[in-house]
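# Geometric and topological summary
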Amino acid sequence: MTTPLLQVQDLAVSFATRRGDVAALRGASFALHQGEVLGLVGESGSGKSVTALATMGLLDQAGRVTGGSIHFDGRDITRASAGMLRPMRGAAFSMIFQNPRAALNPIRSVGAQIADALRAHRDLSPRAARDQALALLEQVRIRNAAQRIDAFPHELSGGMCQRIMIAMAIACAPRLIIADEPTTGLDVTTQKAVMDLLATLTRDRGMAMLLITHDLGLAAQYCDRVAVMEQGRVVEEAPPAALFGTPGHAYTRRLVAACPTPTSTISSLSPEIVLPAEPVARPPLPAGTPLLLEVRDLVKQYPGGVTAVDKVSFTMKPGESLGLVGESGSGKSTISRLVTRLIDPTAGEVIFDGRSVSDMPARDFHRAEQRSQIQIVFQDAGESLNPRFNAFDSIADPLRRLRGLRDGSELTKRVKDCAVSVGLPLPLLERFPHQLSGGQRARVGIARAVSVDPKLLVLDEPTAALDVSVQAVVLQLLDRLRREKGLAYLFVSHDLNVVRMLCERMIVLRNGQVVEEGDSQRIFRAPQAEYTAELIAAIPHFDPVAA
Amino acid sequence: MSASMTSPGRSSTLGHVAWVLRGNPLTALAMAGTVLLIILAILAPWIAPYDPIASDVPSALQPPSAAHWFGTDQLGRDILSRLLHGTRLDLTIAAAAVGLSFAVGAMIGSFCGFVGGRLDRWVGRFTDVLMAFPLFVLAMAMVAALGNRLENIIYATAIINLPFYIRFARTEVAVRRNAGWVEAAQASGNSRGRIVLFFLLPNILPIVAVQISLNLGWAILNAAGLSFIGLGVQAPTPEWGIMVAEGARFIASGKWWLVFFPGAALMFAVLCFNLLGDGLRDILDPRMRT
Amino acid sequence: MRKLQAIGRRIGGRLLSSVPAILGVVVLTFLLMRVLPGDPAVFFASGPSAGQQEIEDLRKAMGLDQPIPVQLVRYLQDIATGNLGRSMTTGQAVLTDMQQRLPASLELTFSALFLALACALPLGILAALRPGSAVDHVVRFLCTLGVCMPTFVSGLLLIYAFYYLLGWAPDPTGRIDIFASTPPEITGFLLFDFAVTGDWDGFRAAFSQLILPACTMALFVLAPLARMTRASMLAVLGSDFIRTARSIGLAPWRVILVYALRNALLPVLTIAGIVFSTMLGANVLVEKVFSWPGVASYALDALLASDYAPVQGFVLLMATIFVLVNLLVDILYGLADPRIAAE
């Protein structure tokens, strides 16, 4: 086999936008052989997905190939017409998309959609197509396939929808599957199940797979070779052990370093920023120091009888950092809002600095004196900034409301100090959220929360929407702020590695209940609860030291 | 627009407006048309060639000519002069009615949308009742009940617009109620009233502005429709709807100019407002500003 | 089976929740009618010379001497027993009057809606398939124009063009030529009745009377329908599952018809329901222009004559139709969209 199954050579793609053409790919090259799994990794905007769509001939109308070539099994399909590509799509190569629920037709039963995929290329009676669809459902390990065949996408979980998508992709036995971030947005245990299934299916059927992902761990675990993309080019390509062990290209080195692993520390994430030497362990607080936060039997029920938080209790000492870990639906975000007093608990008590703060209803809490002492940083910094406020006004808002500052030199000085302390360049203060990058928005969100010198900072997945290199910088910033200001952090995250680095203690949540609580390092080394062990095992990871 | 936008955002806002207008000449035309209408409305008494009410029976029903550009009606009144005076009246009715229903509706709607709960359900019920009503008939009945006076026509038009504004502001606010920046505002110590006034309202303003522009057109049609069936402004006042109603009797005998010119004026006004609304959507959307 | 049950529950819930709305409409109308100027008793008294005694007797006969709450309760009792009162102008029961006139309004509205949908759907779809093309621009131009044209102006201009200039259309008064024979009363829908009895000349006559008012109305509602079709089709065509459908190699027509169109029609259905209700209300202008003997002009004449009962009956009828149309839209939506039934 000398001709590769898929060969992409110097591919250039650009999109027509209102400000002229924007190049998305600038000469990307790679080759994929029969039966091989190639990983395509890179951060957002690196051109991974565009590569996949160009191969499938599915670029939207604004995009077009401006140079280079794509060969499938020796045939040039670079600018193939729709008529030539249609018989190949699904039969010769097929694709699995990100966000499986949106990728399925909401008003058509999943069985009918799989049957559509079959009948697009084979002359089958409806009866036969249905039988084959049923067989496919069983192959992608859908339990009770006979009942689920008539289900609609909204009746299935995200993981199951992705299995349906896989069934559609393999229906006509293509030789190549392109999986574009197939598990992004799925919980880590579901991710593992879906990826294992995909790996088994491709191996058993001798299919080749192009796995596109931003998660280096995932690529390391499931790929034979990995290509790293940056700004529309492939900058390096090697087997995962070599690539992650001894990265050659400077960009790969940065990317690998920024990726949290079981052994990485906050300071190892990004070599460019000089940090003070490893923090000395803080002297233990003298015995009898009052607790900063005490949460007792907290319960939150939503209308309709859903119990999001079920009798959760924990305590925090001043200056401590506590991690709240769990998958979606574990109640971690609800707890963060209950502690911040943005919503009212159904039962239970929140005691802050020796006084109960849960008596006052959330709608009046803006008047409470503790308002400035408990602040929060939200998940999606873009979504948590008022689109009509510039960065200055966003940071100044709590100062105006909670410190009573009027416009003037004092306010300006305080806002500028805050911006400096979070590393936000002062000229950016005049910009509106849509004119800032993701990392800059995250800094504005942090600056807003720390501007009134809180004692407790609740961080609700502050880096979940960021690329790893930006995440690294933000994590370093958070770590430095904590040490400088003596803040206590309640850090909510689904990423165990991040929590381990930033938090001394962690609490593992599941379905609104505490599963396990204890020292972060200890939980990571020797989890006590079965669920915690399962979570830790499901994290895809690579170990640059061992490789 | 929030006050904070003026100082740092001005140059980019003006630039953005200019950019949108360049890319969308129709919006520019609509803007020019709207300005023209306003100027005509203000200057009507000075530029109208004839008295809009004085009849001149000998020269009745004349087709358009050099003396009477748009012809004369059954009483010999100059149609152009009546049109110009009508501009004044129709624009006033539309602007006052829409302004009134916007001010009341947007406030009620955004407050309900934000607070939710029982109040919201009751207001929702009430708008449902209003909307289940054939609205044009409601306007008819109101004018009939309160009397054929200008302010009553304005109130009637405002009330039939009200449920749309309430419902519109309510959904737009409810969509944003759980947005991160609203929670952040709460954490920053803003009361609920402040959040509605200084966070939510400015954010729904662009979409409401579009709605206002579209509704101006609708309000003009409504007011003219009321006059047309005899429940609005009364003859001999120059008003577009009455002019069409009076001309209707002569259309079957081919006297087209009696209906055509006031009809065209109505269409032009509504067209300008509608196109302006579409253009505003592009200009005011902060996400489209680069 | 589960699906049907879910839809049944939804319909039940909808009907229950619309009861307060209808009740509200009824009470509101009742109160509104009571503040209307003019004493109907004076209006219907034998003449200007009518004595005080005669007017008093009339008031008593009409129940106008009772306090307003009592009148309201009586009115509600009457409605519950199907008695909508008597029109003072026609001298008939309101229910009978409306039974005679409703088919005319419905026939007009249905034909207009059919015409509008028949034009708006293809136009909207074509525009969405080729955004930015000439077709797209033409559709947008038509939509903008259509929504700006008041029905009473477009109706009059159509009469000028097709009756006066071209002479294609008949005299624009009423549903049928005064010299033509009316068909036997079967449904009240003239086109249908003529067709059933096989009277094709009559059918043609009724059709030619209907076409101009129907076009006038269709022109007015074409815009929102075509706009919505275009917008929702565009949104659906840009969605992820259309990309999926293309990625499995489905034929283009299948992608458009089975995957895109069925999803795109859902919002159009909702709009069509709203448009239907608006048309019934806006009918009054078109009915006036074409002297169409429908319920709206009936109510308008009654309103101008301070005749309460027909106006109240008309409003009640409109509110009921509004609820029924919404219900129908709901059922159709529930059948077409499995996500709704699950809620």
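Residues numbered from 1 in each chain as written. Chains lettered and ligands numbered in written order. Predicted model: local features only at pLDDT ≥ 70, side-chain atom pairs only at ≥ 80, totals over all residues. Heavy atoms only, no water.

A few words now on the pairing of strand 9 (residues 225–230) of chain A. Residues and elements named next belong to chain A. Taken across its 6 residues, strand 9 has 5 buried, putting it largely inside the fold. Sheet topology note: the strand 3 (residues 37–41)/strand 9 ladder contains 4 bridges and is parallel. Looking at the pairing, Gly39 lines up with Val226 of strand 9. Judged from the 5 bridges that link them, strand 9 and strand 10 (residues 233–238) form a sheet pairing that is antiparallel. Across the sheet, residue Ala227 finds its bridge partner in strand 10, namely Glu237. Counting the residues in the hairpin turn of strand 9 and strand 10 gives 2 residues, including Gln231, whose phi is positive at 45°. (Buried < 20%, exposed > 50% of the residue type's maximum accessible area, 1.4 Å probe, protein only. Helix = DSSP H or I, 4+ residues; strand = E, 2+ residues; numbered from the N terminus. Pairing = 2+ DSSP bridges.)

The next thing to look at is the interface of chain B and chain C. With 38 residues of chain B at the contact, the number on the chain C side is 41 residues. Across the chain B-chain C interface, the total number found is 0 salt bridges. Connecting chain B to chain C are 0 residue pairs in polar contact (both at pLDDT 80 or more). Where the side of chain B that touches chain C is concerned, the elements lending two or more residues are helix 4 (117–132), helix 5 (135–146), helix 8 (192–228), helix 9 (240–251) and helix 10 (257–284) of chain B. The dominant element in the side of chain B that touches chain C, judged by the number of residues it contributes, is helix 10 of chain B, at 10 residues. (Contact = heavy atoms within 4.5 Å. Salt bridge = Lys/Arg side-chain N within 4 Å of Asp/Glu carboxyl O. Polar contact = N/O pair within 3.5 Å; in protein donor to acceptor, adjacent residues only side chain to side chain.)

With that out of the way, let us pick up the environment of A:Gly288. Residues and elements named next belong to chain A. Secondary-structure assignment places Gly288 in the loop between helix 11 (250–258) and strand 11 (293–302). On the basis of relative accessibility, which here comes to 74%, the residue Gly288 falls in the exposed class. In this structure, the C-alpha to C-alpha distance between Gly288 and Gly329, residues 41 residues apart in sequence, is 36 Å.

Turning our attention to helix 8 (residues 188–205) of chain A. Over its 18 residues, helix 8 of chain A extends 26 Å from the first C-alpha to the last, a length consistent with the 26 Å expected when each residue adds 1.5 Å. Count one or two residues on from helix 8 of chain A and you reach A:Gly206, which has phi positive near 65°. (Expected span 1.5 Å × (residues − 1).)

Below, the discussion takes up the pattern of salt bridges. Residues and elements named next belong to chain B. Within this structure, the stated rule accounts for 38 salt bridges over all chains. Asp73 is the salt-bridge partner of Arg77, the closest N and O atoms lying 3.0 Å from each other. Its salt-bridge partner being Arg77, residue Glu246 comes within 3.3 Å of it at the nearest N-O pair. Highlighted residues: Glu246 in helix 9 and Arg77 in the loop between helix 2 (25–47) and helix 3 (79–115), separated in sequence by 169 residues. Classification of Arg77 as buried rests on a relative accessible area of 3%. Each of Asp73, Arg77, Arg82 and Glu246 takes part in a single network of salt bridges with overlapping partners.

For the rest of this paragraph, the subject is the sheet that holds strand 11 of chain A. Residues and elements named next belong to chain A. Read across the open sheet, the 4 strands follow the order 12-11-14-15; overall the sheet is antiparallel. Here the strands that pair on one side only, and so sit at the sheet edges, are strand 12 (306–316) and strand 15 (355–356). Alignment of strand 11 against strand 12, held across 7 bridges, turns out to be antiparallel. The partner of Val295 across the bridge, within strand 12, is Phe314. Relative to the sheet, helix 12 (residues 332–339) contacts strand 11, strand 12 and strand 14 (347–352), its axis offset from that of strand 12 by approximately 60°. (Axes fitted to C-alpha atoms, helices over the stretch in contact; angles between N-to-C directions.)

Our next topic: the packing of helix 7 (residues 180–187) of chain B against helix 8 of chain B. Residue and element names in this part refer to chain B. Across the interface, helix 7 lies against helix 8 with an axial gap of 11 Å and an inter-helix angle of 160°. By the criterion of interaxial angle, the relationship of helix 7 to helix 8 is roughly antiparallel. Crossing handedness for the pair helix 7 and helix 8: right-handed. Residues Trp181, Val182, Ala185 and Gln186 of helix 7 pack against Ile195, Phe199, Leu200 and Asn203 of helix 8. Residues that form the contact of helix 7 with helix 8 fall into these classes: 6 nonpolar, 2 polar and no charged. (Parallel < 35°, antiparallel > 145°, perpendicular 65-115°, else oblique. Left-handed = near helix turned anticlockwise from the far one by under 90°. Nonpolar A, V, L, I, M, F, W, Y, C, P; charged D, E, K, R; others polar.)

Attention now moves to the side chain of A:Gln191. Relative to the elements of secondary structure, A:Gln191 occurs in helix 8. Those residues in contact with A:Gln191, other than ones at most four positions away along the chain, are A:Thr183, A:Leu186, A:Asp215, A:Leu218 and A:Pro540.

The subject of this paragraph is the confidence of the model for chain B. Residue and element names in this part refer to chain B. Per-residue confidence for chain B gives a mean pLDDT of 81, with 89% of residues at or over 70. Helix 1 (residues 6–23) is the least confidently modelled element of chain B, averaging 59 in pLDDT, while helix 7 averages 90, the highest of any element. When the criterion is pLDDT under 50, residues 1–11 qualifies, and its contacts beyond four places in sequence or with other chains add up to 16 contacts. Confidence drops under a pLDDT of 50 for residues 286–290, and excluding neighbours within four residues, the segment shows 12 contacts in the predicted structure. (pLDDT = per-residue confidence, 0-100.)

Now for a nonpolar patch on the surface. Taken together, the side chains of B:Val35, B:Ile38, B:Ile39, B:Ile42, B:Leu43, B:Trp46 and B:Ile47 define a hydrophobic patch exposed on the protein surface, amounting to about 680 Å² of accessible area. Counting through the fold element by element, B:Ile39 comes out in helix 2. (Patch = residues over 30% accessible without salt bridge, like charges linked within 9 Å, V, L, I, M, F, W, Y side chains within 5 Å. Areas by Shrake-Rupley, 256 points an atom, 1.4 Å probe, with all protein chains shown as cover.)

All names here are of chain C. A cluster of acidic residues, Glu54, Glu56, Asp57 and Asp65, forms a negative patch on the protein surface. With respect to the helices and strands, the residue Asp65 is situated in the loop between helix 3 (52–62) and helix 4 (68–80). Residue class for Asp65 comes out partly exposed when judged on its relative accessible area of 38%. (Lys, Arg positive; Asp, Glu negative; His and termini not counted. Charge placed at Lys NZ, Arg CZ, Asp CG, Glu CD.)

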